[in-house]
Amino acid sequence: MGCCGSKEEDPLPRSPRYSVEKDQRRQKQPPQQQQPPRHSSSARGFSEFSLAELKSATNTFSSKNIVSESGEKAPNWVYEGRLQNDRWIAVKRFSKMAWPDPKQFADEAEEVGKLRHKRLANLIGYCCDGDERLLVAEYMPNETLAKHLFHWETQTPEWALRLRVALYIAEALDYCSSEGRPLYHDLNAYRVLFDENGDPRLSCFGLMKNSRDGKSYSTNLAYTPPEYLRNGRVTPESVSFSVGTVLLDLLSGKHIPPSHALEMIRGRNILLLIDSHLEGNFSTEEATAVFDLASKCLQYEPRDRPKAKDLVTTLTPLQSKPDVPSYVMLGIPKREETPSALRRLLSPLGDACARMDLTAIHQFLVMQHYKDDEVELSFQEWTQQMRDMLDARKCGDLAFRDKDFKTALDCYSQFIDVGTITSPTVYARRSLCYLMCDQPDTALRDAMHAQCIHPEWSTAFYMQAVALSKLDMNDDAADMMNEAATLEAKKHRNMKGP
């Protein structure tokens, strides 16, 4: 089995359901010129929502739906909402004219929307309508780190969970840095959310400023980086400073100003700073390592602070309960698994995807060949370039059949880069190649491209489900499995006729 290290730079596609006429016109355009039209919020990529959809989801932005920690006093309110397909969402509503230019807001939202990672509460859409500027993200049902640390009711987070929170924040920031988004605005314990499995995730909302040229820190100035107080600019080093303040929160269970904490750190008064509610159930050696890391993050000179990758390197070996699920440590019920009844309704491909059986998926795609592609070539299109492109696809098909996934990736990429024909099957096959090479994020992009080309193709949804499962985005994966099964059932009904 081949492996690969290449990574496609193509932006994460949005997932429209659009007319056949538009799709046919799109097939004759190079990939870089493709401009999918406005698309439905039922898609699992990145969507432009209508204001009516979000009003309906949030009960017309009812105050009862506000989940911001500061309630109606927050500078930008966050609402919980439920779409018509029963998916829960979080909607951030900016104050009027915070972003006067709608294009600038949309462009910035789309850049953040390209990011997809299991350590992020990912951005799934936005809305620009009149004075309204709204961001839509995955909903995290199990409260914020601030709630669990500062306002807990039944139990305080145990030490191992606090270490996991620190690592997951670092991993999220490291991923964002690797994707060219190293700045995170106003990082604090309210930005860390817990998903349905109890895993901590970093809110995507902090990847955008609160306004086009507004403040990046809404918290007390005692917690802001010193250079921000001097020049009002956020840098990657400023983010490291904010990580240091969150590490202090995790250590102490309190929101202590860094200047006060540093005095205790320098005096090595660890026991004075550590959260008394832990009742001694922590490793002094691990606590010392976290204290030292917090001290480095809080250095006055930005150049002396560690990078996100350094944070990951330091925190990874400190994890003391890697096999214990987060929901156990958080004290919440286990998330219900996908009902077995659903699996009985799945096709052989659907069952293989539910089992994450990549070998069976490969066998299906080989047998399926190109019967779901609907491309007709005119005589004029049989140019030398066309013949070369089809030769590249043929080379990819042979390599794919023989499980030489590295060669298949290269050949299919040549075919796709020419852009004269858009083939959903090629994208689905290349998606599997990326999965075989342990690149689920890129595999997800290709599966979404396949859906863009063929919006009713169940295979595209199944491939997205597998990639999402690999990214530990299990709720989204289950939704995609359901949608794929629904499309298959619809297709079978149409074949049978009335």
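A quick note: this is a predicted structure, and the numbers were derived from the prediction, not measured. (Residues numbered from 1 in each chain as written. Predicted model: local features only at pLDDT ≥ 70, side-chain atom pairs only at ≥ 80, totals over all residues. Heavy atoms only, no water.)

A. Structural context of the overall build of the protein. When helices and strands are tallied, the protein shows 21 helices and 8 strands. Going through the 498 residues of the protein one by one, you find that 55% of them count as buried. In the protein, the share of contacts with a sequence separation of at least 24, taken over all contacts with a separation of at least 6, comes to 66%. Working note: accessible area of the protein is about 23,100 Å², and carbon and sulfur atoms make up 49% of it. (Helix = DSSP H or I, 4+ residues; strand = E, 2+ residues; numbered from the N terminus. Buried < 20%, exposed > 50% of the residue type's maximum accessible area, 1.4 Å probe, protein only. Contact = heavy atoms within 4.5 Å. Areas by Shrake-Rupley, 256 points an atom, 1.4 Å probe, with all protein chains shown as cover.)

B. Representation of the sheet that holds strand 2 (residues 77–82) within the structure. Strand order in the open sheet made by the 5 strands is 1-5-6-3-2, with mixed pairing throughout. A single partner strand is all that each edge strand has here, and the edge strands are strand 1 (47–48) and strand 2. Bridge count for strand 1 against strand 5 (residues 123–129) is 2 bridges, and the pairing is parallel. Opposite Ser 47, over in strand 5, you have Gly 125 as the bridge partner. Of the strands in this sheet, strand 5 and strand 6 (132–138) touch helix 3 (residues 102–113), which is tilted by about 175° from strand 5. (Pairing = 2+ DSSP bridges. Axes fitted to C-alpha atoms, helices over the stretch in contact; angles between N-to-C directions.)

C. Just the packing of aromatic side chains, in detail. For the structure on display, the rule yields 10 aromatic pairs. Here the aromatic rings of Trp 77 and Tyr 79 are separated by 6.4 Å at their centres, their planes lie at 70°, and the arrangement is edge-to-face. On the accessibility criterion, Trp 77 (27% relative accessible area) is partly exposed. The exposure class of Tyr 79 is buried, given its relative accessible area of 1%. (Phe/Tyr/Trp six-rings, centres within 6.5 Å; stacked < 30°, edge-to-face > 60°.)

D. Up close: the state of the cysteines. Inspection of every chain in the model, using the stated rule, returns 0 disulfides. Looking at Cys 176, it has no disulfide partner, and the nearest cysteine sulfur is the one in Cys 204, 9.5 Å off. (Disulfide = S-S within 2.5 Å.)

E. Representation of the nonpolar core. Counting residues in hydrophobic clusters, the biggest one holds 75 residues, and the most contacted among them are Leu 135, Leu 145, Trp 159, Leu 173, Leu 187 and Leu 247. Examining the composition of this core, we find that 14 residues originate from one element, helix 5 (residues 159–178), more than from any other. The residues touching Trp 159, leaving out its near neighbours within four places in the chain, are Leu 251, Ile 274, Leu 278, Asn 281, Phe 282, Ser 283, Glu 286, Ala 287 and Val 290. Judged by nonpolar contacts, the second largest core, of 52 residues, contains Cys 353, Phe 415, Ala 428 and Val 466. (Core = buried A, V, L, I, M, F, W, Y, C linked by side-chain atoms within 4.5 Å.)

F. Inspection of the pattern of salt bridges at higher detail. Applying the stated rule across the entire model yields 21 salt bridges. Of the charged contacts, one joins Glu 108 and Arg 181 as a salt bridge, the two residues approaching to 2.9 Å between their closest N and O atoms. Here the residue Glu 108 occupies a position in helix 3, and Arg 181 occupies one in the loop between helix 5 and strand 7 (192–194), the gap between them amounting to 73 residues. For Arg 181, a relative accessible area of 16% corresponds to the buried category. (Salt bridge = Lys/Arg side-chain N within 4 Å of Asp/Glu carboxyl O.)

G. Highlighting the sheet that holds strand 4 (residues 120–121). Strand order in the open sheet formed by 3 strands is 4-8-7, and the pairing between neighbours is mixed. Bordering the open sheet on either side are strand 4 and strand 7, each of which pairs with just one other strand. Along the sheet, helix 5 contacts strand 4, strand 7 and strand 8 (200–203); its crossing angle with strand 8, the most-contacted strand, is approximately 40°.

H. Quick peek at the confidence of the model for the protein. Put simply, the protein has an average pLDDT of 81, and 80% of its residues get 70 or more. For residues 338–344, every residue scores under 50 in pLDDT, and the model assigns this stretch 5 contacts once sequence neighbours within four places are set aside. Considering only residues more than four positions removed or in separate chains, one finds that residues 376–381, a stretch of pLDDT under 50, has 7 contacts. (pLDDT = per-residue confidence, 0-100.)

I. Structural view of the pairing of strand 5. With 5 of 7 residues buried, strand 5 is to be regarded as a mostly interior element. In terms of strand pairing, strand 5 meets strand 6 through 6 bridges, oriented antiparallel. Looking across to strand 6, one finds that Gly 125 is bridged to Val 136. Taking the residues that link successive antiparallel strands as the turn, the strand 5-strand 6 hairpin has 2 residues, and the phi of Gly 130 there is positive, at about 60°.

J. Up close: the pairing of strand 2. Relative to strand 3 (residues 88–93), strand 2 runs antiparallel, the two being bridged by 6 bridges. Among the inter-strand pairings, Trp 77 is bridged to a residue of strand 3, identified as Arg 93.

K. Molecular detail of the environment of Glu 158. Mapping Glu 158 onto the fold places it in the loop between helix 4 (145–150) and helix 5. Sequence-wise, Glu 158 and Gly 331 are 173 residues apart; in three dimensions their C-alpha atoms are separated by 10.0 Å. Sequence-distant contacts of Glu 158, that is, excluding residues within four places in its chain, are made with Leu 278, Lys 321 and Met 329. One polar contact links Glu 158 to Lys 321, side chain to side chain, over a distance of 2.9 Å. (Polar contact = N/O pair within 3.5 Å; in protein donor to acceptor, adjacent residues only side chain to side chain.)

L. Spotlight on the side chain of Arg 133. Relative to the elements of secondary structure, Arg 133 occurs in strand 6. For the buried Arg 133, which has no salt bridge, the nearest side chain bearing the opposite charge is Asp 131, at an N-O separation of 5.6 Å. Looking at Arg 133, its side chain comes within polar contact range of the main-chain oxygen of Pro 100, at 3.3 Å. Not counting the four nearest positions on each side in its chain, Arg 133 is found in contact with Lys 92, Arg 93, Phe 94, Trp 99, Pro 100, Asp 101, Pro 102, Phe 105, Cys 127 and Cys 128. (Lys, Arg positive; Asp, Glu negative; His and termini not counted.)

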